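This is what each chain is made of:
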Amino acid sequence: MASSERAPTKVIIVGCGVAGPVLACFLKFKGYTPVVYERIVRDSEGGLSLMLQANGLRVLALIPGLLDQLPGVVEDHMEFCSTVPGHEDQLGVYTYKTSSDTARINMEDLINIPGIGIRRHDFLHLLSETALQAGVEIHYERKVVDVHQHADSVEVKFEDGTTDTASFVIGCDGIHSNTRVSLFGKEEASYTGLTQLGGFSPAPKSWKHKNTMINFFGEESHMISYQVGPNLNSWAITRREAEHKETWRAVDDSMLQELRKRDPVSEWGFGAGELLQTAHKMIKYGLYDRPELKTWYKGRVVLLGDAAHPTSPHLGQGANQALEDIYHLVRVLMKYNPSAGDPSTEVLKNAFEEYEDIRLPRTSALVKQAHEVGDKMRVISGVDACLARNESVRATWANPEIGLRNLARARSGPFEGKSEI
């Protein structure tokens, strides 16, 4: 190598879920050499679906051609229904009027719709393929168990005893982040009292509108459903129950048949019961809280997404907030290290601190907001409290502009006047 040349700065990214491959693409575009390590097998079937909202889609749009490949469904119709016994009623409806019959709409319009419903498996496959095509190195079934920091590098240790070294490390390894444990120690997760049961089902025959997201408000339970493919809906029921493990494993066939017949939601109207009765896959898991971190980095290692700020699913913002994290982290790295050379620890400190200053307040507020939505709007005890909730929903969507403003609060960002990194 000529003396004027330098080797690209290597960055280890822990985790190849939503954030890992997207972050890797941006770092690759900026001149770094990202290497991604993922603990599970490639194209795992874990999880069900997610809703890509305006703030996350704005970040994905910065990767050329990616939005056109999304295998999801633009949700342009919303309904809100009460399934409280004796008080079944439609509480609100909103249909977004697109300027064409195509499934794709302009980016500036996305702030006014629920988003794009997409199967998690399909989305992760697209993201990993996009990263591989960009020249990113991805290693599967390599579980990072510890990180050791040195003056100008970080060594990661894997479960099999092997190691790798990079200039700095970014932990995108989700709610069970070993990177977070390595930095700040093991923390106790506390059960929220809520479980989720989710699944895939064909669209109910009674539904007249495709591309629909529906919220069903019951007593001590809530259900949401949205389309993720041709005649395929993803749904989730949240309710208070005895503690359940925090796993995304599919229920077995015998439990699947039992839930189809005996789960109380199977009796709900507006198509909700039909979704449960016709489900061909279900998973069940508990919802847990983790302590809020006051800082997301230590030395040359920084956290991102659920590893930094895990949240309950009631706003559907988990993946979207991780994408916002990526936008700002890459932006500040380029601000303080424009050459993408091997940064000093002081340079990384400056970048990571600015990243925290921008992101910590926003994510903290959204985590609290998600809790409030779950506890005060979705899973409510007592008929009187449920009816008061229903009237609040009805009043909100009687004037769609109010409802859309409420949706936009979480979905604004991340550009703050800029539309590129």
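Computed from a predicted structure; not experimentally measured.

Asks: Even after reading the chapter, I still don't get the sheet that holds strand β10 (residues 154-158), so can you show me in this structure?
Replies: For sheets, the rule is that strands pair by backbone hydrogen bonds, running either parallel or antiparallel. Strand order in the open sheet made by the three strands is β9-β10-β11, with antiparallel pairing throughout. In the strand order of this sheet, the two ends are held by β9 (144-149) and β11 (163-166), each with one partner. Direction aside, neighbouring strands of the sheet carry axes that sit 25° apart on average. As paired strands, β10 and β11 are joined by four bridges and run antiparallel to one another. Bridge pairing in β11 places Val156 opposite Asp164.

Asks: What should I look at first to understand the packing of aromatic side chains in this one?
Replies: Centre distance and the angle of the planes are the two values used to describe a pair of aromatic rings. Overall, the coordinates contain nine aromatic pairs when judged by the stated rule. Ring geometry for Phe168 versus Phe352: centroids 6.5 Å apart, planes at 65°, classification edge-to-face. Of the two residues, Phe168 is situated in strand β12 (residues 168-171) and Phe352 in helix α9 (residues 345-378); the sequence distance between them amounts to 184 residues. As far as the burial class goes, Phe168 and Phe352 line up, both buried. Pairing Tyr191 with Tyr288 gives two aromatic rings, centres 5.3 Å apart and planes at 50°, and the pair type is tilted. Within this pair, whereas Tyr191 is found in strand β13 (residues 190-201), its partner Tyr288 is found in strand β17 (residues 281-289), the two being separated by 97 residues in sequence. Judged by relative accessible area, which is 22%, Tyr191 ranks as partly exposed. In textbook terms, an aromatic cluster arises when at least three aromatic residues are bridged by ring pairs, as seen for Tyr32, Phe168, Tyr297 and Phe352.

Asks: What am I meant to see in the environment of Thr247 here?
Replies: Within the secondary structure, Thr247 is located in the loop between β16 (232-240) and α6 (253-262). If we skip the residues at most four places from it in the chain, Thr247 touches Lys284 and Tyr285.

Conventions adopted
- Residues numbered from 1 in each chain as written.
- Predicted model: local features only at pLDDT ≥ 70, side-chain atom pairs only at ≥ 80, totals over all residues.
- Heavy atoms only, no water.
- Pairing = 2+ DSSP bridges.
- Helix = DSSP H or I, 4+ residues; strand = E, 2+ residues; numbered from the N terminus.
- Axes fitted to C-alpha atoms, helices over the stretch in contact; angles between N-to-C directions.
- Phe/Tyr/Trp six-rings, centres within 6.5 Å; stacked < 30°, edge-to-face > 60°.
- Buried < 20%, exposed > 50% of the residue type's maximum accessible area, 1.4 Å probe, protein only.
- Contact = heavy atoms within 4.5 Å.

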